[in-house]
Structure formats: structure tokens, C-alpha cells
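Residue-level listing of the chains:
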Amino acid sequence: RPHRGLWFYRGAAWSNTIARPTQPPLGRPAGIASDPALTLVWVADEDYQCLRKLLCPQAAAAYPAAQLESAGALGSWHRTRFRPPATIGMGSPVGVTMDPMGHAVYVHDRARLYRFIDASNTWEMLGNLPTPLINEGPSGLACDRFGSHLYLNSKQGSLWKVRAISGLTSADFRQLAP
């Protein structure tokens, strides 16, 4: 479909001229998040059930060239498909966000909520989403400015709030707006 892809605001105009990675390829982008300095972008890849990392040119310089693929003027794609170990598992990621410091990446797959710490390559399944939210089709994900709470919205328009902690249960999720 021509309307799908990654679009970035460059100066005074939107552009989708970013080079898509091919080794390995990027599937359908379903969510996107960046660090506050805009040096790192995480993309939720629905087709390959993983996260992909896009680095600005300055941040890419810290990685060995063999780990990177050019994304044109925007920087480089990391070749790794970041996903939890099979013991944790993850479906197709949709919502993705980062904490305010850019250390933790949070992602959901419409059923479960995960935290990924890139520096240590550590994944953790924080908990299952509540059934009413799952039934509404969870989509977006955002983190508050303190990194303490996550907000999820649904395709039906509801908004949910949960603390960014381990061991979540359905009772930890609070619906803010129907």
C-alpha cells in the first residue's frame, strides 16, 4: 500500500525517503518511538515480531560497521531484530515507547506488556493486558515524563494507565476514559 511506511519531519517538510533496511528487511512498521535527543528511534515491526533500531549518524558511530546498514542521511539501521527470548515470547508488537531518559523501551503485542533494556539486552514481560482493553484493540503506548506510568489507548478510543513495574495484573490497569 502506498500510504504505509516511515515518515520523518525534515526541516519544513515530511519525507519518506529513508532507506528501508534489507539485511534483514523491515516488515510493516506498527509503532515508533524516539529518545528525547532524537538520536535513537525504535520501530515495532509487526511482520517479523520484533523491534528495529534506527540510529542518527552520531549515535551510529559507536557501533561496528558490520552491525549497521545505511538509512541514508538519517543514519543507520541496526541489523539486529530485537525480540524477547523464546521463553518469554512476544506476538506482533504494536505500541512502543521509551522512558524519558531513553534507557527502557516498552512495547505491547495487543495482549502483553514488555520492557526491554537495550544496554543489557534484557527483556521482561511486565504483565498481561486486561481483557476489556484486549477486546477494544490496544494500539498506542506512551510513557509519562517521569518514566513511572504508561498510557495505552485502544482502537475504540479508550485510554488506560498503568505503573511501569514488573508483575502487573489486570487490577493494576486503570481506565481513564471510555
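Residues numbered from 1 in each chain as written. Predicted model: local features only at pLDDT ≥ 70, side-chain atom pairs only at ≥ 80, totals over all residues. Heavy atoms only, no water.

## Structural notes on the packing of aromatic side chains
Here is the rule we go by: Here is the rule: rings of Phe, Tyr and Trp (six-membered ring for Trp) pair when centre to centre is within 6.5 Å. Planes less than 30 degrees apart are stacked, more than 60 are edge-to-face, and the remainder are tilted. Put simply, a charge is over a ring when the Lys NZ or the Arg CZ is close to the ring centre, within 6 Å, and near the line of the ring normal, within 35 degrees.
In this structure the tally under the stated criterion is five aromatic pairs. Clustering of aromatic rings is evident, with ring pairs tying together Trp 42, Phe 82, Tyr 114, Phe 116 and Trp 123. Here Arg 81 stacks its cationic end above the ring of Tyr 48, 3.8 Å away from the centre of that ring.

## What to know about the pattern of salt bridges
Operational definition: Only one rule defines a salt bridge in this text: a Lys or Arg side-chain nitrogen within 4 Å of an Asp or Glu carboxyl oxygen. Elements are defined by DSSP. Helices are runs of H or I of four residues or more, strands are runs of E of two residues or more, and each kind is numbered from the N terminus. Three labels apply to residues, based on accessible area from a 1.4 Å probe with only protein chains included: buried if under 20% of the type maximum, exposed if over 50%, partly exposed otherwise in between.
Summed over the entire model, instances satisfying the criterion amount to seven salt bridges. Across the salt bridge formed by Glu 46 and Arg 110, the nearest N and O atoms sit 2.9 Å from each other. With a gap of 64 residues between them, Glu 46 in the loop between β4 (40-45) and β5 (50-55) and Arg 110 in the loop between β9 (104-108) and β10 (112-117) connect regions that are remote in the sequence. With a shortest N-O distance of 2.7 Å, Asp 109 and Arg 112 are connected by a salt bridge. Classification of Asp 109 as buried rests on a relative accessible area of 7%. In the salt-bridge network here, residues are joined through shared partners; they are Arg 28, Glu 46, Asp 47 and Arg 110.

## Side note on the side chain of Asp 35
Formally: Two residue types count as positive, namely Lys and Arg, and two as negative, namely Asp and Glu; His and chain ends fall outside the count. A 3.5 Å cut-off defines polar contacts: any pair of N or O atoms within that distance qualifies, except that in protein one atom must be a possible hydrogen donor and the other a possible acceptor, and neighbouring residues in sequence count only when both atoms are side-chain atoms. Any two residues having at least one pair of non-hydrogen atoms within 4.5 Å are treated as being in contact.
On the secondary structure map, Asp 35 appears in the loop between β3 (29-34) and β4. One buried charge, Asp 35, has no salt-bridge partner; the nearest side chain with opposite charge is Lys 53, at 10 Å. A polar side-chain atom of Asp 35 sits 2.8 Å from the main-chain amide nitrogen of Leu 38. Setting aside residues up to four positions removed in sequence, Asp 35 forms contacts with Leu 40, Met 98 and Gly 102.

## Details of the sheet that holds strand β8 (residues 95-98)
Quick reminder of the rule: For two strands to pair, DSSP has to find at least two bridges joining them. Helix axes use the C-alpha atoms of the stretch in contact, all axes being lines fitted to C-alpha atoms, and the angles between their N-to-C directions lie in the range 0 to 180 degrees.
A sheet is described by the order of its strands in space; here four strands give the open sequence β8-β9-β10-β11, paired in antiparallel fashion. Strand pairing shows two members of the sheet lacking a second neighbour, β8 and β11 (122-128), which therefore form its edges. Strand-to-strand twist across the sheet, computed as the mean angle between neighbouring axes with direction ignored, equals 20°. Pairing of β10 with β11 involves six bridges; the strand directions are antiparallel. Considered in β11, the bridge of Ile 117 is made with Thr 122.

## Remarks on the pairing of β5
Here β5 lies mainly inside the structure; six of its six residues are buried. For β4 and β5, the ladder comprises six bridges, and the chain directions are antiparallel. In the strand pairing of β5, Val 43 is matched with Arg 52. Linking β4 to β5, which pair antiparallel, is a turn of four residues; within it Gln 49 sits at a positive phi near 50°. Looking at chain direction, β5 and strand β7 (residues 76-78) are connected through two bridges and run antiparallel. Within the sheet, the bridge partner assigned to Leu 54 lies in β7 and is Trp 77.

## Structural notes on the environment of Asn 135
Relative to the helices and strands, Asn 135 resides in helix α2 (residues 131-136). In this structure Asn 135 comes out as exposed when scored by relative accessible area, which is 60%. Each C-alpha atom, one on Asn 135 and one on Arg 110, is 9.3 Å from the other, the two residues being 25 residues apart in sequence.

## Remarks on the sheet that holds β4
Spatially, β3-β4-β5-β7-β6 is the arrangement adopted by the five strands of the open sheet, whose pairing is antiparallel. Two strands in the sheet have a free side with no partner beyond their single neighbour: β3 and β6 (68-70). Within this sheet the neighbouring strands show an average axis-to-axis angle of 30°, counted without direction.

## Quick notes on the nonpolar core
Counted only if it meets this: Only buried Ala, Val, Leu, Ile, Met, Phe, Trp, Tyr and Cys residues count toward a nonpolar core, and they belong to the same one when joined by side-chain atoms within 4.5 Å.
In terms of nonpolar packing, the biggest core is built from 17 residues, with Trp 42, Leu 51, Val 96, Val 105, Val 107 and Trp 123 touching the most fellow members. Of all elements in the fold, only β4, β5, β8, β9 and β10 reach the threshold of two or more residues within this core. Ranked by residues supplied to this core, first place goes to β4 with three residues. Apart from residues lying up to four places away in sequence, Trp 42 is in contact with Gly 31, Ile 32, Ala 33, Leu 51, Arg 52, Lys 53, Phe 82, Val 96, Met 98, Val 105, Phe 116 and Asp 118.

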